[in-house]
Amino acid sequence: MKPVKPIMRSGHYYIRRRVPSRYASVEERTIVQLCLFTDSYELACRKSKADGVIVGAVGITGDTSDNDETCAVTAITAAGFVADPG
């Protein structure tokens, strides 16, 4: 599978994806464009590799410091995933 190259349109980077055939009954398009919500080429490349697929969520409990979020992001990254603390 060749790497996806982000495309700049209207100030944001996009990627193009083929719609899986199993969705043909509900989606008439064969290709969709997904906005990566960034104007940075480097960030767009990182996001396109992550493919925008959410594979889970992490709940953080504890005090109100940033340490909880930092620990969760570190663990997600160590597992080979991309964290989105947004």
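Right above here is the structure, for reference.
Thresholds applied
Residues numbered from 1 in each chain as written. Predicted model: local features only at pLDDT ≥ 70, side-chain atom pairs only at ≥ 80, totals over all residues. Heavy atoms only, no water. Helix = DSSP H or I, 4+ residues; strand = E, 2+ residues; numbered from the N terminus. Buried < 20%, exposed > 50% of the residue type's maximum accessible area, 1.4 Å probe, protein only. Contact = heavy atoms within 4.5 Å. Areas by Shrake-Rupley, 256 points an atom, 1.4 Å probe, with all protein chains shown as cover. Pairing = 2+ DSSP bridges. Axes fitted to C-alpha atoms, helices over the stretch in contact; angles between N-to-C directions.

Draft legend 1. View of the overall build of the chain. Check the secondary structure of the chain and you find two helices and three strands. Secondary structure elements in the chain, listed N-terminal to C-terminal, are β-β-β-α-α. Looking at the chain as a whole, 13% of its 86 residues are labelled buried. Of the contacts formed within the chain by residues at least 6 apart in sequence, a portion of 32% connects residues at least 24 apart. Surface exposure of the chain reaches about 7200 Å², of which carbon and sulfur atoms provide 55%.

Draft legend 2. The arrangement of the sheet that holds strand β3 (residues 31-35) in detail. The strand order across the open sheet formed by three strands is β1-β2-β3, and the pairing between neighbours is antiparallel. Each end of this open sheet is capped by a strand with a single partner; those strands are β1 (7-9) and β3. Here the strands of the sheet are splayed against their neighbours by 45° on average, with no regard to which way each runs. As paired elements, strand β2 (residues 12-18) and β3 share five bridges and run antiparallel to each other. Residue pairing across strands places Y14 opposite C35, the latter belonging to β3.

Purely geometric numbers; function is a separate question.
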